[in-house]
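# Tertiary structure, described
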Amino acid sequence: MRILGGLLFSSLGDLLLNYELFEAGMGAFGVAQVFYILAFGMKPLKIWIGVLLYACGFLATSLFYGNLNSVIKICLPFYAILLLTMCWRSLARVEGTRNYLRMMCGICSVLFVISDGIIAFDKFYVPISAAQTYIMVTYYVAQVGIALSINDFQTDGSPIKSQRSIDSRTKVQKTKSS
């Protein structure tokens, strides 16, 4: 349901951007990022990934910060934090090559950051030739990869067993044997 919530708010963001409502669109995408963050969870932490992403995000944002209007100067850093947190949480879930959907989701979260980075650079720093094509290709591939991540399974076809599902199965077995 959380991934679906992210997809729905992303769709709303797309709609708002089509009507030149950039700030409202960014707000909708911010809510989408919160849904994705909740879906990906905070374990494992892998703090170094977050530190690296936030440092790159800070450098990128500082490059065009002077070109932003007052509303965007406030909103953009918050959105960047949400976007980079989503990417961090997605990348932190990658635990090797056996779970290719998590790996694909991690790669696609980076594509989401690239898509939004192209928007920011094109809109606030320097125009990019064919920006809309690059934005849409990276964005839609990112959304597909994130959407597919709901089917967590390993390359051998067996489902990923989270600690929560193992704990609940153990509880049920103990209850039955009592």
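Residues numbered from 1 in each chain as written. Predicted model: local features only at pLDDT ≥ 70, side-chain atom pairs only at ≥ 80, totals over all residues. Heavy atoms only, no water.

### Examining the overall build of the protein chain
For clarity, the cut-off: The helix and strand labels rest on DSSP assignments: H or I over at least four residues marks a helix, E over at least two residues marks a strand, and numbering proceeds from the N terminus. Relative accessibility decides the category of a residue: with a 1.4 Å probe and only protein chains considered, values under 20% of the type maximum give buried, values over 50% give exposed, and everything between is partly exposed. By the convention used here, residues are in contact when the closest approach between their heavy atoms is within 4.5 Å. Exposure was quantified through the Shrake-Rupley algorithm and a 1.4 Å probe, taking into account, for residues, occlusion by the shown protein chains and nothing else.
Counting its secondary structure elements, the protein chain contains seven helices and zero strands. Secondary structure elements of the protein chain occur, N-terminal to C-terminal, as α-α-α-α-α-α-α. The burial tally for the protein chain puts 35% of its 178 residues in the buried class. Counting contacts in the protein chain only where the partners sit at least 6 residues apart, residues at least 24 apart contribute 72% of the total. For the protein chain, the accessible area works out to roughly 10500 Å², and carbon and sulfur atoms hold 69% of it.

### Re the layout of surface pockets
Using the following cut-off: A pocket here means an open set of points on a 1 Å grid, computed over the protein atoms alone, that has protein on both sides within 12 Å along at least five of seven lines. A cavity is instead a set of points where a 1.4 Å probe fits but cannot get out; residues with an atom within 4 Å of a point line either one. Grid points are joined across faces, edges and corners, and a volume is the space filled by probe spheres set on the points. Gly is put with the polar residues, along with every residue not named as nonpolar or charged; the nonpolar set is Ala, Val, Leu, Ile, Met, Phe, Trp, Tyr, Cys and Pro, and the charged set is Asp, Glu, Lys and Arg.
Size it by volume and the largest pocket reaches roughly 960 Å³. Taken together, 39 residues line the largest pocket, and the ones lying closest to its centre are Phe22, Ser115, Asp116, Ile119 and Ala120. Those elements that provide at least two residues to the lining of the largest pocket are α1 (2-18), α2 (22-40), α3 (47-64), α4 (70-92), α5 (100-124) and α6 (131-148). Residue composition of the lining of the largest pocket, grouped by class: 27 nonpolar, seven polar and five charged.

### Comments concerning the UniProt feature "transmembrane region" (unreviewed entry) in the protein chain
Let me state the cut-off plainly: UniProt positions are given in the numbering used here, feature names are shortened, and annotations may be inferred rather than shown by experiment.
Here, the residues flagged by UniProt with the feature "transmembrane region" (unreviewed entry) are residues 20-40, 47-65, 71-88, 100-121 and 133-153. Secondary structure across residues 47-65 comprises 95% helix and 0% strand; the distance between its end C-alpha atoms is 26 Å. The annotated region residues 100-121 carries 100% helix and 0% strand content, and the separation between its end C-alpha atoms amounts to 31 Å.

### Some words on the packing of α2 against α4
Note the threshold: Axis definition: a line fitted to C-alpha atoms, limited for helices to the stretch in contact. Angles are taken between N-to-C directions and run from 0 to 180 degrees. Orientation categories follow fixed angle ranges, with anything under 35 degrees roughly parallel, anything over 145 roughly antiparallel, 65 to 115 roughly perpendicular, and all other angles oblique. Crossings are sorted by hand: turned counterclockwise from the far helix by less than a right angle, the near helix makes the crossing left-handed, and turned clockwise it makes it right-handed.
Two elements in contact, α2 and α4, have axes separated by 9 Å at closest approach and are oriented at 25°. If you check the angle between α2 and α4, you find them roughly parallel. Every pair of crossing elements has a handedness; the one defined by α2 and α4 is left-handed. In this structure, α2 contributes Phe22, Glu23, Met26, Phe29, Gly30, Gln33, Val34, Tyr36, Ile37 and Phe40 to the contact, and α4 contributes Val71, Ile72, Cys75, Leu76, Tyr79, Leu82, Leu83, Thr85, Met86, Arg89 and Ser90.

### A short note on the environment of Ala120
Inspection of the secondary structure assignment puts Ala120 in helix α5. Look at Ala120 and you get buried, because its relative accessible area is 7%. On a C-alpha basis, the gap between Ala120 and Leu76 in space is 9.3 Å, while along the polypeptide they are 44 residues apart. Apart from the residues lying within four places of it in its own chain, the contact partners of Ala120 are Phe64 and Tyr125.

### Considerations on the nonpolar core
Test applied: Residues belong to a common nonpolar core when they are buried Ala, Val, Leu, Ile, Met, Phe, Trp, Tyr or Cys residues joined through side-chain atoms within 4.5 Å.
Ranked by internal contacts, the top residues of the largest apolar core, which has 22 residues, are Tyr36, Phe40, Ile72, Met86, Phe112, Phe124 and Ile146. Looking at this core, the elements with two or more residues in it are α2, α4, α5 and α6. Examining the composition of this core, we find that six residues originate from one element, α2, more than from any other. What Phe112 contacts, discounting residues up to four positions off in sequence, is Ser10, Phe29, Gln33, Tyr36, Tyr79, Leu83, Met86, Tyr139, Ala142, Gln143 and Ile146.

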